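# Close look at the chain arrangement
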Amino acid sequence: MISHDFQYEAPESFDIALDLLSSFGSEAAVLGGGTWLVPNMTYGRHRPKVVIDPKNLPLRAITRSGDELVLGSRTSYAQVIDSSSVADGAPLLAKMAQQVTGGPQIVGQGTVGGSACYGNPSSDVPACLVALGARMILRSKDGTRDVPASGFFLAPFVTAKRDDELLSEIRFPITSERASCAYEKLKFSTGSWPIVTANCIATTSVGSGLHLKIAVGGANETPVAYEVVTDTDPSEAELSNIAQRSAPLIEREWADEFAGSGYRRSVAPAIVRRALREALGRDRV
Amino acid sequence: MRKQKLSFKLNGEDRICEADSRWLLVEAIRQLDAAGTRVGCLTGDCGACTIMMDGAPVKSCLVLAVSADGASLTTIEGTSGQAADAVKTAFVARNGFQCGYCTSGMVILATEFLSRKRDPSEAEIREAIAGNLCRCTGYDDIVAAIGDAARALQEQHAEKSGA
């Protein structure tokens with residue numbers, strides 16, 4: 001049993017939810033899938049005065065809206081994996097979700113928005129959202145803000161979401177049909193947290209070569225991303241050079257009990273190179 | 001302490017209880033004659049508390065009891081049907097357990113898995129139980145039992161369609 005007393009609310013409308021967030025601020029916690037919040041309350045590491053369960057709010061839909069894929073913030077990884085809209089519109093997101101660990105229960109319970117708001121440097125989600133150019137839609141009593149994923153992750157476990165805001169949607173530009181993508185990660189055991197993740201979206205345009213969008217997670221305190229334009233059929237040496245450019249971007253390296261100082265920066269280029277090669281359809285080495 | 005009235009379906013029966021908002025779902029169901037569901041790590045790692053909630057397997061230590069208001073829950077006590085019978089028989093025949101603490105979660109998950117997957121490979125079985133820890137490390141027998149159950153189900157289907 002959770003040791004501290006708290007108020008549980010399952011608001012029937014956004015207005016009520018946003019009122020609660022406005023009143024309680026940092027003393028409120030919003031349930032995503034519960035996979036982080038609930039055990040942290042059980043172990044007394046997080047002691048919110050009020051828990052807001054948005055189960056009655058429409059936050060679980062995946063829809064296509066014009067040139068965007070719109071994901072409700074409480075969409076689970078399992079929904080992402082099963083969605084043909086995601087497979088067509090943001091295939092990298094599906095590839096990431098397929099590699100989430102913890103078994104089918106966690107894949108069904110964990111949510112993309114919950115992971116984003118948690119802002120754990122080691123999560124699969126943040127760098128993937130940055131690679132995809134996602135926009136985070138934040139609602140509060142004052143209105144709606146639209147924050148790009150590249151500006152959402154500020155520091156370990158700190159995001160641009162204010163205490164009175166609720167992440168309602170994540171919007172993705174539709175990935176070009178000409179693009180291919182890859183998600184690779186280094187982890188030390190089947191069920192472990194990722195040590196470094198690498199996202200790559202490769203797009204070939206007639207006359208303008210190969211455009212590569214790369215985002216690295218886990219290695220820095222927040223995701224790092226860069227873009228490269230190169231020949232349509234880059235050599236292995238060129239791919240290594242491109243991968244190597246990730247290392248100097250890791251200015252605030254993330255280190256923990258799984259991988260100490262210097263490790264993640266050292267291995268990041270190797271994981272990026274795997275993602276590049278995978279995206280270009282080259283055989284695994 | 002805040003009590004909240006909670007009603008849900010547990011193994012097909014409507015149940016109503018006064019739940020403390022601090023209760024985890026696994027704690028609430030264990031108080032309702034369904035103590036076969038185990039409390040393991042309370043971190044979401046071990047899977048001993050796995051139940052079916054609205055048709056999907058969940059780790060019930062990661063769910064607040066009050067969140068389950070209106071839900072339909074199936075625990076090990078309520079697992080029934082062809083797949084569940086095949087899984088239970090195979091676990092016994094193969095000694096798919098040592099201390100037994102993980103068994104209810106394993107059986108729930110294997111039953112759900114085999115109701116979706118007719119002819120799983122060993123790798124697929126291992127992936128399916130990736131969220132359930134057997135701390136006795138008896139995985140080989142558990143994986144073999146799930147494989148046996150899959151084959152038994154295939155034979156039953158073949159007999160049915162052949163007849």
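Quick caveat, the model's predicted, so the values are computed rather than measured. (Residues numbered from 1 in each chain as written. Chains lettered and ligands numbered in written order. Predicted model: local features only at pLDDT ≥ 70, side-chain atom pairs only at ≥ 80, totals over all residues. Heavy atoms only, no water.)

The next point concerns the environment of Val112(A). Residue and element names in this part refer to chain A. Within the secondary structure layout, Val112 lies in helix 7 (residues 112-118). Sequence separation between Val112 and Glu177 is 65 residues, and the spatial gap between their C-alpha atoms is 23 Å. If we skip the residues at most four places from it in the chain, Val112 touches Leu71, Ser73, Thr75, Tyr77, Val80, Val125, Leu129 and Ile170. (Helix = DSSP H or I, 4+ residues; strand = E, 2+ residues; numbered from the N terminus. Contact = heavy atoms within 4.5 Å.)

Glancing now at the interface of chain B and chain A. Facing the 31 residues of chain B at the interface are 25 residues of chain A. Viewed at the interface, chain A and chain B are joined by zero salt bridges. Inspection of the chain B/chain A interface yields 11 residue pairs in polar contact (both at pLDDT 80 or more). If you list the elements that add at least two residues to the side of chain B that touches chain A, you get strand 4 (56-59) and helix 4 (122-128) of chain B. When residues of the side of chain B that touches chain A are assigned to their parent elements, the largest contribution, three residues, is made by strand 4 of chain B. The residue makeup of the side of chain B that touches chain A, split by class, is 16 nonpolar, nine polar and six charged. (Salt bridge = Lys/Arg side-chain N within 4 Å of Asp/Glu carboxyl O. Polar contact = N/O pair within 3.5 Å; in protein donor to acceptor, adjacent residues only side chain to side chain. Nonpolar A, V, L, I, M, F, W, Y, C, P; charged D, E, K, R; others polar.)

To continue, consider unusual backbone geometry. With phi around 55°, Asn95(B) is a residue other than glycine that occupies positive phi space. Structurally, Asn95(B) is set in the loop between helix 2 (82-93) and helix 3 (103-116).

Moving on, we get to the layout of surface pockets. Space inside the second largest pocket adds up to approximately 710 Å³. Along its surface, the second largest pocket is lined by 28 residues, and Ile81(A), Gly103(A), Pro104(A), Val107(A) and Glu127(B) are the ones closest to its centre. Secondary structure elements with two or more residues in the lining of the second largest pocket: helix 3 (77-82), helix 5 (91-98) and helix 6 (103-109) of chain A together with strand 4, helix 3 and helix 4 of chain B. It is helix 6 of chain A that contributes the most residues to the lining of the second largest pocket, four residues altogether. Residue composition of the lining of the second largest pocket, by class: 11 nonpolar, nine polar and eight charged. No fewer than three residues from each of domain 2 (60-173) and domain 3 (179-279) of chain A sit in the lining of the second largest pocket. (1 Å grid on protein atoms, 1.4 Å probe; cavity = no way out; pocket = protein on both sides within 12 Å on 5 of 7 lines; lining within 4 Å. Points joined across faces, edges and corners; volume = space filled by probe spheres on them. Domains from an automatic or database assignment.)

With that settled, the discussion passes to empty space enclosed by the protein. Empty space among the atoms becomes apparent when a probe as large as a water molecule is rolled across them. Per the counting criterion, the structure on display carries two cavities of 30 Å³ or more. In this structure, the largest cavity encloses a volume near 80 Å³. In this structure, the largest cavity is lined by 16 residues; those nearest its centre are Asn120(A), Pro121(A), Pro126(A), Thr222(A) and Pro223(A). Elements with a minimum of two residues in the lining of the largest cavity: helix 8 (125-131) and strand 8 (153-155) of chain A. If you count residues domain by domain, the lining of the largest cavity takes at least three from each of domain 2 (60-173) and domain 3 (179-279) of chain A. For the second largest cavity, the full set of lining residues is Arg38(B), Val39(B), Gly40(B), Cys41(B), Leu42(B), Cys46(B), Gly47(B), Cys49(B) and Cys61(B).

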